[in-house]
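Commentary on secondary and tertiary structure
Chain by chain, the residues run as shown.
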Amino acid sequence: MKVTCIVGSARSNGSSAYLVDQFIKGLGGRAEVKKYCVGDMNIGFCKGCKSCYVTGECVQNDDVKGAVEDIMLSDYVFMVAPSYWAGVPGQLKTFFDRTTPYGDTNPKRIVCPKEGAKGIAVAVRAGTRDAENKLILDAIEHYFGHLGIKTVNRISITRTDTLADLLERHGNETEQIYKLGQSIANT
């Protein structure tokens, strides 16, 4: 089984990364795992040139292609994003934009997802309202949908400004994510 995990945060050592690591820990080494943090990746902005609608490939050569190819080969994609002003961080939005060559709206799409690929979306925010996290979860699910990945789980975590907040307040959610990894590894 192949799993790709995306830390949709500018930071590779915060709450989002911790949740990804708990999921991977739950997998217990029973899956081939690729982990990416968009904040650590070399990603250029989409130029809007639509060359990918002619060739099926982006004109830019950076870290996006390898990450998306891993996503498309995966049985599961696990993505966690923090809330930045009620939306996904700019780095993650740029990553979404740059995957246009792989989306179902591209008539020259070369790479399609693995049959039956599943996605898991997690949103984390400092405030108390789930409504902001719903926007983030919807954005991730929308992204998965255009790639042909079926969202099978959505998790919202609020009241988390720091990793310490997550560890102090959200043991149940952290355990849920760990057990989700275990459950997937046992299938």
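In the block above lies the structure referred to throughout.
Criteria and cut-off values
- Residues numbered from 1 in each chain as written.
- Predicted model: local features only at pLDDT ≥ 70, side-chain atom pairs only at ≥ 80, totals over all residues.
- Heavy atoms only, no water.
- Helix = DSSP H or I, 4+ residues; strand = E, 2+ residues; numbered from the N terminus.
- Contact = heavy atoms within 4.5 Å.
- Pairing = 2+ DSSP bridges.
- Axes fitted to C-alpha atoms, helices over the stretch in contact; angles between N-to-C directions.
- Left-handed = near helix turned anticlockwise from the far one by under 90°.
- Nonpolar A, V, L, I, M, F, W, Y, C, P; charged D, E, K, R; others polar.
- Core = buried A, V, L, I, M, F, W, Y, C linked by side-chain atoms within 4.5 Å.
- Buried < 20%, exposed > 50% of the residue type's maximum accessible area, 1.4 Å probe, protein only.

The next thing to look at is the environment of A31. As for its position among the elements, A31 is in the loop between α1 (15–27) and β2 (32–37). The spacing of A31 and L137 is 106 residues in sequence and 25 Å in space, taken between C-alpha atoms. Once you skip the residues sitting within four places of it in the chain, A31 turns out to touch M1 and V3.

On to the sheet that holds β2. With respect to topology, five strands assemble into an open sheet ordered β2-β1-β3-β4-β5, the strand pairing being parallel. The sheet terminates laterally at β2 and β5 (150–157), the two strands that pair on one side only. When strand polarity is set aside, the average angle formed by the axes of neighbouring strands in this sheet is 15°. Looking at chain direction, strand β1 (residues 2–7) and strand β3 (residues 76–82) are connected through five bridges and run parallel. Opposite T4, over in β3, you have V77 as the bridge partner.

Attention now goes to the packing of α1 against helix α7 (residues 171–185). Closest axis-to-axis distance for the α1/α7 pair is 6 Å, and the angle between their directions is 35°. Here the hand of the crossing between α1 and α7 comes out right-handed. Every residue of α7 that contacts α1 at Y18, L19, Q22, F23, K25, G26 and L27 is listed here: T174, I177, Y178, L180, G181, Q182, I184 and A185. The residue makeup of the contact of α1 with α7, split by class, is nine nonpolar, five polar and one charged.

In this section: the nonpolar core. Ranked by internal contacts, the top residues of the largest apolar core, which has 28 residues, are I71, M79, L92, F95, F96, I140 and Y143. Secondary structure elements with two or more residues in this core: α3 (64–72), β3, α4 (90–98), β4 (118–124) and α5 (130–147). With six residues, the single largest contributor to this core is α5. For I140, the residues in contact, after removing those within four places along its chain, are M79, A81, F96, A121 and V122. Membership of the second largest hydrophobic core comes to 23 residues, among which are L27, A31, V80 and A185.

Mapped onto the elements, V3 comes out in strand β1. Separated by 71 residues in the primary sequence, V3 and S74 have C-alpha atoms spaced 5.2 Å apart. Here V3 is in contact with F23, L27, A31, E32, V33, K34, S74 and Y76, once residues within four sequence places are set aside.

Purely spatial values, then, with no claim about function.
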